[in-house]
Structures are given as C-alpha cells and as structure tokens.
Amino acid sequence: HTWEAVDDGTVHYKINACENLKATDCGGTASFVCAHDISKNTYEPVGTALVQSDNNVLVYNTSVSCPKPGHTVQSIINLVCGKTLGTPEFVKFEECVHYFEWRTFTACKKNKFKPEQEVPCYIFDTDYKKHDLNPLIRTTGGYLVDDWDPDSDLYINVCRTIGSSEGDTSACPAASAACVVKGGKAYDIGRPKEPLKSYVKERLVLHYETDIKPDFCNDHQPAVTITFICPTAGTEVTGPKLTANSNCRYEIEWITENACHTEYLESDSCKLISKERGISIDLTPLKETSVGAYHAEDDKGEYTYYLNVCDKTHGGECSGEMSSCQYKKAGGQSKGAGSYKNQTLRYSDGDITLTYSGGETCSTGFQRMTVINFECNETAENDGKGVPEFDVEADCTYFFSWETKYACPKKKEDL
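Not measured: the values here are computed from a predicted model.

**Considerations on empty space enclosed by the protein**
Now for step 1: With the rule as written, the count across this model stands at 2 cavities of 30 Å³ or more.
Now for step 2: When its volume is computed, the second largest cavity comes out at roughly 40 Å³.
Now for step 3: Forming the boundary of the second largest cavity are 10 residues, of which S290, A293, L307, T313 and H314 lie nearest the centre.
Now for step 4: Classifying every residue of the lining of the second largest cavity gives 3 nonpolar, 6 polar and 1 charged.

**Description of the environment of I77**
Now for step 1: Following the sequence through the fold, I77 ends up in strand β7 (residues 72-81).
Now for step 2: A C-alpha to C-alpha distance of 4.6 Å links I77 and F100, two positions 23 residues apart in sequence.
Now for step 3: Ignoring anything within four residues of it in the chain, the contact list for I77 reads I15, N56, V57, L58, Y60, F100 and W102.

**Comments concerning a negative patch on the surface**
Now for step 1: Among the surface-exposed residues, D299, E381, E389, D391 and E403 lie close enough to one another that they form a single negatively charged patch.
Now for step 2: E403 sits in the partly exposed class, given a relative accessible area of 40%.

**Details of the nonpolar core**
A general tendency of soluble globular proteins is for nonpolar side chains to be buried together.
Now for step 1: Formed by 42 residues in total, the largest nonpolar core has its most connected members in I76, Y99, L283, V309, I372, F374 and F400.
Now for step 2: Residues in contact with I76, not counting those within four places in the same chain, are V57, L58, V59, V97, H98, Y99, F100, A394, D395 and F399.

What counts and what doesn't
- Residues numbered from 1 in each chain as written.
- Predicted model: local features only at pLDDT ≥ 70, side-chain atom pairs only at ≥ 80, totals over all residues.
- Heavy atoms only, no water.
- 1 Å grid on protein atoms, 1.4 Å probe; cavity = no way out; pocket = protein on both sides within 12 Å on 5 of 7 lines; lining within 4 Å.
- Points joined across faces, edges and corners; volume = space filled by probe spheres on them.
- Nonpolar A, V, L, I, M, F, W, Y, C, P; charged D, E, K, R; others polar.
- Helix = DSSP H or I, 4+ residues; strand = E, 2+ residues; numbered from the N terminus.
- Contact = heavy atoms within 4.5 Å.
- Patch = residues over 30% accessible without salt bridge, like charges linked within 9 Å, V, L, I, M, F, W, Y side chains within 5 Å.
- Areas by Shrake-Rupley, 256 points an atom, 1.4 Å probe, with all protein chains shown as cover.
- Salt bridge = Lys/Arg side-chain N within 4 Å of Asp/Glu carboxyl O.
- Lys, Arg positive; Asp, Glu negative; His and termini not counted.
- Charge placed at Lys NZ, Arg CZ, Asp CG, Glu CD.
- Buried < 20%, exposed > 50% of the residue type's maximum accessible area, 1.4 Å probe, protein only.
- Core = buried A, V, L, I, M, F, W, Y, C linked by side-chain atoms within 4.5 Å.

Just distances and angles here, no functional claims.
Here it is, written out as structure tokens:
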C-alpha cells in the first residue's frame, strides 16, 4: 500500500515502507518517502534508501546534503504497537529529518492483534484533510447491522476480518469481514480487498466481496458496500443500517463522526485545549522537582535517561535547560538530549506526543532529540503519574513510551 501523512496542511507525504513508490508519485524519482510541498507544488524525495529496520524504527537516507556538514536529508518512522494496521502520523521536521510515528499491530511483540486480513482505513480528501475510521475497527467480533430481515442477522467489521470471538459472531468464517447468520449457520458474504475510498466529500466507502456463493444467493456473487457519512448540523449519529439488499448485494449506511475530518492540535506548553473538539489535556501535574524522579534505562543498561515534563530535569549532570539528559554509566558522561524551551506537544486521534529538540550535538553534527509518546492509563503506577520506558534510539533521537492518567483526554462531559 501507499500511505499518506500531512504536516499542518503544508506538506503532503507519500510513504511506501518496504519498497519504492512509483516514480510518478515523486516527480519522476524513485523513493520510499516523498514530500509534496502543497503551495509550491514541488516534489522532493526525502527517503531513497532504507538503512535501518530493526527495533521498530525505519530509517531512510538520501544523498541530499543538509546545511549541516556531514548530514543528509532523512526520514525516520517510529513504529509503536497498536491494535490496527494504523496510519503513519507526521510528528516533526527538525534539522533535515522528517519524523513520523506509526501505531500498528506489525510493531507488537505478540501477534495478539494480527487479523486474517486488514486494509488501510483512512483517506485524505482533496483539501488534504484526513478522515480516519481506525477507531471503529474491532479486534474481535463485529457490529450487528440494523436491518428488516427477522430471519437473519448481518454482522460487519470495519476494514478488517471479524476475527475469532465468542458469542453471536463466533461461527463467522475467519476470512470474512461481513457475515450473515441464518438458521443457526454463518455465511461469508464479503472480505476486505481494497482500502477505504471516497467519491464524494464527507462520504467514505468500503467495499467487500467474496467468490463464495451461499445457497440463499441464487448463484449471485455476494458483495457489501458500506457508506460512512459525516453528520451535518441536525443529523443524528446512527449505527450501521441496511438500506438496500437485492441479489445478495448489501448496501449499508453509517452516520458517524469518525467519518468527519480529523484535526491536529499542537501547543508549545504543557496544555492542549480545544473547546470545539471538547478536548482538554494537561500534563502539568507530571512536572517533578526532586532529583532524578523520572528515569529509564536503555535495553543494554549502558545509559540512564533522566526526564522531566515541561521543565528541566534534575537528574544527570546536564548543563542548561535540558528536559532529557542521557547519562553514560561507564565514564559518567552526561549529554543533553532535548529542552523544554524547544518543546512541541501534539494530539492526534488519541495519541499524545511530546517532542524535545535542541539537545547537545552528536558526532554526526545532529542535535540530540527526545520523543515521548504518552498513553492513557487511569490506573498507572506511581499514583497515576506512571513512569517513562525507553523504546529505542535512532540516529541520536531517543523514543520513550509513558503510560499515565494525565494523558487521558477529558471529554466534554467531564469538563
């Protein structure tokens, strides 16, 4: 699949993780990652060679020189364990490096969330606004479709197979994304083959087909078309409803806010508030004044990383206003790995990312940088504050995960 991501509506990226994009996708040049400057309508390959693909980090180099000597333009994708195929999200552009984060089941240690089949479940419209149905995907089971047939039940999942489950869908064939339960038997009437599409603004279409012809289809090939509609003012949100069914071709409509375009929120402080979206995030309670309160070790135990949130860290021996300090145990050397003076807090689709740039320079001439991915956990240790965990290092950028109750966005009803 060719994947897409957007930087504040100014740069549109196309990504193909494991093989080159078509040259026509990038102004005639073959590349894994391509940046399209929307206002200038120019294309630039920003990842032409895959140089690292271990520890859930993909690093793509180019031969394009950076203003800093000895460094070239790069793209780095940090893969984080998720329940769906997910989508790449642009995080930051810093010192010629394009950073992305991708929450996906392919990054999980166990195959717990790996489905029989799944297709990309988001699109960008002509205005480069993103519509993402990933939140609707069920890892097990499906949705009962509201229909008028008293003798059968129709179940669907979104963009992926229904999967092993208990209860009403337990008899559904493993490869089916749409399944009819009739007379105590379950029939496969559609499988996910192609990604989510959009033909009309604010209407997303998913199409399932199968070659298997159940006996009640009278030799017709079954197919399911689900149209997801963004509610307009005064329209009521619904579950999936069957609107037509002839010759085993099922048409379903689903009015859901998930079909509307997603917006990104950014801030350079510890707070993110959007009255329109009904979201309020405040990481201020995570600030610590005690020495070395938050720290994490790398996998080999060579380094300890001292961190703080929205303030300088009091652990390690880093000079200046560093919020992330890398301490090498052998030799006792400390290096600043990012400052709260250069921080960006970003929220998108439930993901909260805090980026500290402006750390001390690496041997490559690149300034160290820290990226913390916060995850909501109401019952996190340390009185709900949680603790950071080191994930991986890629070219002097350090990635951490942090489960905390303060990353749980307060929805409208809680405000």
